[in-house]
Amino acid sequence: MNRAALILVPLLLLAVAARADGLWAPHGNGSSAGGHELLKAGQAFRLVSAERHGDRLKVDWDIAPGYYLYRKRLHFRVIEPTGASLGDPQLPAGQVVEDEQGRSEVYRGSLQAALQWRGKAPPRQLMVDFQGCAEAGVCSPPQSEVIDVADLGG
């Protein structure tokens, strides 16, 4: 192997690993982050809690300043127990943006989703799929996170 290959191969592997670690991809318009350090997706879109009250679930996010979360990219499913299911999420109206995804409804600051569950046993874990962007002009890859549901009775 020549010297160039010995240098390039580790650099390529680092680039692939960074991409898989939830780092950001540029928007289609070629804009950049302007030299600012971007938060990882889990920091920019922080799932704060999932709570159950009777047959209702409430899922809360904190969205960092300068970031937004896509409404159309939010998906919820029950992981544990099997057999439980969720109705369509009830989401507040968002703000409309125009970006590489086209015209989209997004959330900034915070978000609370309400869901109704069905099944013999209440959900204990949810899988939440989401995606968002930084105002700086880059989007995170789609993310999935498992979150434990707090049982608040009801």
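Scoring rules and cut-offs
Residues numbered from 1 in each chain as written. Predicted model: local features only at pLDDT ≥ 70, side-chain atom pairs only at ≥ 80, totals over all residues. Heavy atoms only, no water. Disulfide = S-S within 2.5 Å. Buried < 20%, exposed > 50% of the residue type's maximum accessible area, 1.4 Å probe, protein only. Core = buried A, V, L, I, M, F, W, Y, C linked by side-chain atoms within 4.5 Å. Helix = DSSP H or I, 4+ residues; strand = E, 2+ residues; numbered from the N terminus. Contact = heavy atoms within 4.5 Å.

1. Structural notes on the state of the cysteines
So, step 1. Per the stated rule, a full pass over the model turns up one disulfide.
So, step 2. Between the sulfur atoms of C133 and its disulfide partner C139 the distance amounts to 1.9 Å. The sign of the S-S torsion, about 80°, decides the handedness of the disulfide formed by C133 and C139: right-handed.
So, step 3. By relative accessible area, C133 is classed as buried at 0%.
So, step 4. Relative accessible area serves as the criterion here: at 2%, C139 is assigned to the buried category.

2. Considering the nonpolar core
So, step 1. If you look at the biggest cluster of nonpolar residues, it comprises 30 residues, and the most contacted ones within it are F45, V59, W61, L74, F76 and L126.
So, step 2. Looking at this core, the elements that each hand over two or more residues are α2 (41–44), β2 (45–53), β3 (56–63), β4 (67–70), β5 (75–80), β9 (110–118) and β10 (125–130).
So, step 3. Once you skip the residues sitting within four places of it in the chain, L126 turns out to touch A50, L57, V59, R77, V78, I79, L86, E145, V146, I147 and V149.
So, step 4. Listed in part, the six residues of the second largest apolar core include Y70, V106, C133 and C139.

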